[in-house]
Amino acid sequence: MPPEFRQATEPPFAAIAGLLTGPRLARACAALLALEMAVFLFLIAGTHGWIVPLERATTTDFASFYAAGKLAGAGTPALAYDQAAHHAMEQAVTAPGIEYQFFNYPPVYLLLCAALAQLPYLVAFVLFIAITLLFYLAVARRIVVDRSPAAIVVLLSFPMVFWTMGLGQNAFLTAALFGLATVLLESRPIAAGLLFGLLCYKPHFGLLVPIALAAGSYWRSFVAAASSAGALVLASLLMFGWETWHAFFVTAGAAHAVYESGRILFAGFANPFGAVRLLGGPVALAYAVQGLASLAAAGLVLIVWRYRLSLPLRAAILASATLVAAPVAIFYDLMLGTIAVCWLVRDDGQPLSAAEKTFFVAITILLLDVRHLGESCHLPVAATAALGLFVIIARRALRELAQQDPAWSWWPKRYAA
């Protein structure tokens, strides 16, 4: 980087980055957390009609899971993929007139949904979110090797924590399984593989895992992942039958129309496809950009894991690349990105630079209003967060590659900060 450019850019970065050191970080995140909690409680009151009367009942994504579980428990699991029957059950367990919440998960997820549906709706909702949140916090703290209260405050202050809780989504579970699998990879490869296999309930988030494990010669983990995923598929076949799987494949085959149409708001997408559509690009261009991004993400995962870079970098690149490569990634799925950030913090060899800290501060603030900024201003905030994180980690990985292999020595000369 030319000296004059370095002098022009580093001071503001350094000033903002000063907020992310020691006690200042804890205080800033505590203030942010207090603000988020106040807004969260206000939104709960508003969506329940406690502030002003509502013209139409509202609901959450969890209604989709619970209704699917009810249908499975009633002996009609295939109806979870029948929109009319599923919507009727959603209304039966919540309130008449709610907007339909899609269920596009494979039948393996019905195993969990059916168990939750044995409980009263609100109990199941709170229990699911509480357990998965605690699981996520335990894994994240283990990655950063910090069990202080300040670490919990920082983790809880990430805006997607409240989006996940409010929607009743499974992003905590996905991030925790992914994170714990990477933690155990070196010491307990079979256990790590079993955890990776459990992600088959959200199969598009496991697309790059076989590439990473094969490239790194983690064959025991590879076999264990395939075994646990296969066991869950077999269990779902035995419990719910082939008809349910057939119904899922039909639903999955038609799901692209939902994602292309904007029925699920493009502002909520966290991948390149959604960003292109939000900016007004045609469907064909969105698919082309997504395809190129997925190939680039897969290629970097292959290289990084083939060269056996440090575990923090390998884990971080796998988590961040998964968000970029997944054909469907919604803003709450950015919880997986926090696993990548935790590994970056763990990477003692390359502490966060001032520019990186500045990016994380800015994107966190923008994510507080991710949907409004997307819908009103056409700013792909969630996709920018995922792509920015991927670029930061890719840059670090290429720098470490250059230190390991002279063939990559051109990288620092061109792109060193």
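Residues numbered from 1 in each chain as written. Predicted model: local features only at pLDDT ≥ 70, side-chain atom pairs only at ≥ 80, totals over all residues. Heavy atoms only, no water.

(A) Here's a closer look at the packing of helix H9 (residues 171–184) against helix H10 (residues 189–198). Running from N to C, H9 and H10 point in directions that differ by 160°, and their axes come no closer than 8 Å. On the basis of their axis angle, the class for H9 and H10 is roughly antiparallel. Of the two elements, H9 crosses H10, and the hand of that crossing is left-handed. Seen from H9, the contacting residues are Leu177, Phe178, Leu180, Ala181, Thr182 and Leu184; seen from H10, they are Pro189, Ala191, Ala192, Leu195, Phe196 and Leu198. (Axes fitted to C-alpha atoms, helices over the stretch in contact; angles between N-to-C directions. Helix = DSSP H or I, 4+ residues; strand = E, 2+ residues; numbered from the N terminus. Parallel < 35°, antiparallel > 145°, perpendicular 65-115°, else oblique. Left-handed = near helix turned anticlockwise from the far one by under 90°. Contact = heavy atoms within 4.5 Å.)

(B) Expanded view of the state of the cysteines. Across all of its chains, the model carries zero disulfides by this definition. Free of any disulfide, Cys29 has its nearest cysteine sulfur in Cys342, 12 Å distant. Residue classification places Cys342 among the buried positions, given a relative accessible area of 5%. (Disulfide = S-S within 2.5 Å. Buried < 20%, exposed > 50% of the residue type's maximum accessible area, 1.4 Å probe, protein only.)

(C) The packing of aromatic side chains, seen in detail. Scanning the model with the defined rule gives 32 aromatic pairs in all. A centroid spacing of 6.1 Å and a plane angle of 45° characterise the contact between Phe266 and Phe269, whose relative ring orientation is tilted. For the cation-ring pair, Lys202 lies above Phe205, with the distance from its terminal atom to the ring centre recorded as 5.3 Å. (Phe/Tyr/Trp six-rings, centres within 6.5 Å; stacked < 30°, edge-to-face > 60°. Lys NZ or Arg CZ within 6 Å of the ring centre and 35° of its normal.)

(D) Spotlight on the pattern of salt bridges. Following the criterion strictly, the structure yields four salt bridges and no others. The partner of Lys202 in a salt bridge is Asp333, with the nearest N and O atoms 2.8 Å apart. Of this pair, Lys202 sits in the loop between H10 and helix H11 (209–215) while Asp333 sits in the loop between helix H15 (311–325) and helix H16 (335–346), and the two are 131 residues apart along the sequence. The same class applies to Lys202 as to Asp333, namely buried. (Salt bridge = Lys/Arg side-chain N within 4 Å of Asp/Glu carboxyl O.)

(E) Highlighting the confidence of the model for the protein. Mean pLDDT over the protein: 89, with 90% of residues reaching 70 or higher. Counting contacts from residues 1–11, a segment whose pLDDT is below 50, to residues more than four positions away or on other chains yields six contacts. Ignoring residues within four places in sequence, the model shows residues 413–417, a span with pLDDT below 50, making nine contacts including any to other chains. (pLDDT = per-residue confidence, 0-100.)

(F) Local environment of a nonpolar patch on the surface. A contiguous nonpolar patch, built from Leu35, Val39, Phe42, Leu43 and Ile51 and spanning about 470 Å² of accessible area, is present on the exposed surface. Note that Ile51 resides in the loop between helix H2 (22–47) and helix H3 (62–73). (Patch = residues over 30% accessible without salt bridge, like charges linked within 9 Å, V, L, I, M, F, W, Y side chains within 5 Å. Areas by Shrake-Rupley, 256 points an atom, 1.4 Å probe, with all protein chains shown as cover.)

(G) Broad picture of the packing of H16 against helix H19 (residues 381–404). Look at H16 against H19: their axes get within 11 Å of each other, and the N-to-C directions meet at 30°. Regarding H16 and H19, the two cross each other, and that crossing is left-handed. Across the interface between the two elements, Gly337, Ala340, Val341 and Leu344 of H16 pack against Leu389, Ile392, Ile393 and Arg396 of H19. Taken together, the residues of the contact of H16 with H19 break down into six nonpolar, one polar and one charged. (Nonpolar A, V, L, I, M, F, W, Y, C, P; charged D, E, K, R; others polar.)

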